[in-house]
Amino acid sequence: MKELRIKGSYLHHKELKAAQGVKINAQGLDHAVAGTGLYVVGPDDDVEDIKEATMQDMKSVMSRIDKSGTGVCVQASTLGSLEALLEFLKSPVVNIPVSGINIGPVHKSDVRRACAMLERNREYATILAFDVKVTPVARELAKESGVKIFTADIIYHLFDQFQKYMDNFKEEKKREASVEAVFPCRLKIMPDCVFNKDPIVLGVNVLEGTLKTGTPICILSDSGESEFIDIGQITSIQINHKEVGTAKKGQKVAIKILSKKIFGKHFTVANELVSHITRESVGILKAYFQDDMGNEDWKLLEELQRDFKIDQIYF
């Protein structure tokens, strides 16, 4: 196995056993896949049958690629290790979609392929490199483009790295989405608790849901062309003169509303206040705030979706 391009004489041996490998020089080897079976075609063999047998390993691997084209890119040193990694990623406990595979070191072309996910699903613009090296050029391109490359010699370590990255990614997206998130709530204005009309400061009872600072508030209308009347945005919530960011069902709080509407003219204590949800805000809740919503919150959200004529959004 001495490199033949190095100048020098051959080494002579009286006996050789268990050769490490064989070097093959032939046309079309750039399409060969490391780890696949090598067949010798005899005079009585059917070439097409052998081709079919050769492709069985690759068909098994390719069947694990997500048909939607969404997922991470996976790279391994051999076909066997690639199959093991794909099987692990496909397991119900892990369930990470794969959009592309390759065998051998991570090159510039592999990073370019992963770049396709930057516009579609940024969290999947990653390469899971199992027991392979990353070329300096590929690493530099990944850094410039925003593609993440995770390397490890143990499958579980690779998964742990990716899981930590996904957790951090979701937290970042959740922080960004929190500005647009509108939690469902119903509020009842308490009689004799209209503290100020400009700006509007009211005492309310949280009948249902979760009230948060920044929530847009409106009243539903059964008459007229408009189905609802926007009141404004809640800029402050106080309990016992102490500022809080959230109020839950059953709590009585004082709220300040940034509004162009006039209390007594556009709405009164007889009107029930509700959070003004939109299709976009519903999608954000379902995408990033599943753990922050209880069963009663989801039920109220469905009711408000019907009130605002918003189609159900499934994830």
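Structure: above.
Novice: Explanation requested: unusual backbone geometry in the structure shown.
Specialist: Outside of glycine, negative phi angles account for most residues, and trans bonds account for most peptide bonds. A cis amide bond links Asp-198 to the next residue, Pro-199, at an omega of 0°. Looking at the element boundaries, Pro-199 is found in the loop between strand S5 (185-197) and strand S6 (200-212). Unlike most non-glycine residues, Asp-131 shows phi in positive territory, near 60°. Even without a glycine there, the phi angle at Asn-240 is positive, about 55°. With a relative accessible area of 68%, Asn-240 lands in the exposed category.

Novice: What am I meant to see in the pairing of strand S4 (residues 148-152) here?
Specialist: If a strand is regular, its side chains alternate between the two faces of the sheet. Sheet topology note: the strand S3 (residues 126-130)/S4 ladder contains five bridges and is parallel. Looking at S4, one finds that Ala-129 is bridged to Thr-151. A crossover connection joins S3 to the parallel S4 through helix H5 (residues 136-145); in handedness this β-α-β unit is right-handed.

Novice: Mind showing me how you'd approach the packing of helix H1 (residues 47-62) against helix H2 (residues 79-90) here?
Specialist: When two helices pack together, their arrangement is captured by the angle between the axes and the distance separating the axes. For the pair H1 and H2, the least separation of the axes is 10 Å and the interaxial angle reads 30°. Taken together, H1 and H2 sit at an angle that is classed as roughly parallel. Crossing of H1 against H2: the hand is left-handed. In contact with Asp-57, Met-58, Ser-60 and Val-61 of H1, H2 contributes Leu-79, Leu-82, Glu-83 and Leu-86. The residue inventory of the contact of H1 with H2, partitioned by class, reads five nonpolar, one polar and two charged.

Novice: Would you mind showing me how to read the packing of aromatic side chains here?
Specialist: Geometry of an aromatic ring pair is reported as the spacing of the ring centres plus the angle between the planes. All told, the structure shown has nine aromatic pairs when counted by the stated rule. Ring geometry for Phe-183 against Phe-289: centres 5.6 Å apart, planes inclined by 75°, an arrangement best described as edge-to-face. Taken together, the positions of Phe-183 in the loop between helix H6 (155-177) and S5 and Phe-289 in the loop between helix H7 (279-288) and helix H8 (295-307) put the pair 106 residues apart, joining distant regions of the chain. Take Phe-183 and Phe-289: they sit in the same class, and that class is buried. Among the aromatic residues, those joined into a cluster by ring pairs are Phe-150, Phe-162, Tyr-165 and Phe-169. In this structure, Lys-212 is placed above the aromatic ring of Phe-183, and the distance from its NZ or CZ to the ring centre is 4.9 Å.

Parameters and conventions
Residues numbered from 1 in each chain as written. Predicted model: local features only at pLDDT ≥ 70, side-chain atom pairs only at ≥ 80, totals over all residues. Heavy atoms only, no water. Helix = DSSP H or I, 4+ residues; strand = E, 2+ residues; numbered from the N terminus. Buried < 20%, exposed > 50% of the residue type's maximum accessible area, 1.4 Å probe, protein only. Pairing = 2+ DSSP bridges. Right-handed = clockwise from strand over helix to strand, strands pointing away. Axes fitted to C-alpha atoms, helices over the stretch in contact; angles between N-to-C directions. Parallel < 35°, antiparallel > 145°, perpendicular 65-115°, else oblique. Left-handed = near helix turned anticlockwise from the far one by under 90°. Contact = heavy atoms within 4.5 Å. Nonpolar A, V, L, I, M, F, W, Y, C, P; charged D, E, K, R; others polar. Phe/Tyr/Trp six-rings, centres within 6.5 Å; stacked < 30°, edge-to-face > 60°. Lys NZ or Arg CZ within 6 Å of the ring centre and 35° of its normal.

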